[in-house]
Amino acid sequence: MAVYQYRCVDHGLLEVARPIGTAADREPCPDCASFAPRVFTTPQLSFGSAANRALLDRTERTADEPAVVSAVPSWRTPPQVATNPALARLPRF
């Protein structure tokens, strides 16, 4: 369900929950029954999970300020070699 907003001239914003894509252009106000036109707003992404918000923030931030490194990272531990015996016969460079 999506939440759509309508603005009544006398009573302000009105929120109506409808299935996605089924919002009407006008909705009757529950207080005065006059028709309120639909107001187009941004998606309410801030109500999502913290992980999704963090991902969106990182993605948006890297568009203008990409992460820059000053040196090649050093290996703290050597890379792991495959222990599969079938892979042991492959040539090492």
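Residues numbered from 1 in each chain as written. Predicted model: local features only at pLDDT ≥ 70, side-chain atom pairs only at ≥ 80, totals over all residues. Heavy atoms only, no water.

Draft legend 1. Region of the structure containing the sheet that holds strand S4 (residues 35–39). Strand order in the open sheet made by the 4 strands is S2-S1-S4-S3, with antiparallel pairing throughout. In this open sheet, the two edge strands, each paired with only one partner strand, are strand S2 (12–18) and strand S3 (26–28). This sheet shows a mean twist of 40 degrees between the axes of neighbouring strands, independent of strand direction. Judged from the 7 bridges that link them, strand S1 (residues 2–8) and S2 form a sheet pairing that is antiparallel. (Pairing = 2+ DSSP bridges. Helix = DSSP H or I, 4+ residues; strand = E, 2+ residues; numbered from the N terminus. Axes fitted to C-alpha atoms, helices over the stretch in contact; angles between N-to-C directions.)

Draft legend 2. Layout of unusual backbone geometry. The phi torsion at Ala 33 lies on the positive side, around 65 degrees, for a residue other than glycine. Following the sequence through the fold, Ala 33 ends up in the loop between S3 and S4.

Draft legend 3. Main features of the pattern of salt bridges. Per the counting criterion, the structure on display carries 1 salt bridge. Between Arg 18 and Glu 27 there is a salt bridge, and its shortest N-O distance comes to 2.6 Å. On the basis of relative accessibility, which here comes to 29%, the residue Arg 18 falls in the partly exposed class. Classification of Glu 27 by relative accessible area gives buried; the value is 12%. (Salt bridge = Lys/Arg side-chain N within 4 Å of Asp/Glu carboxyl O. Buried < 20%, exposed > 50% of the residue type's maximum accessible area, 1.4 Å probe, protein only.)

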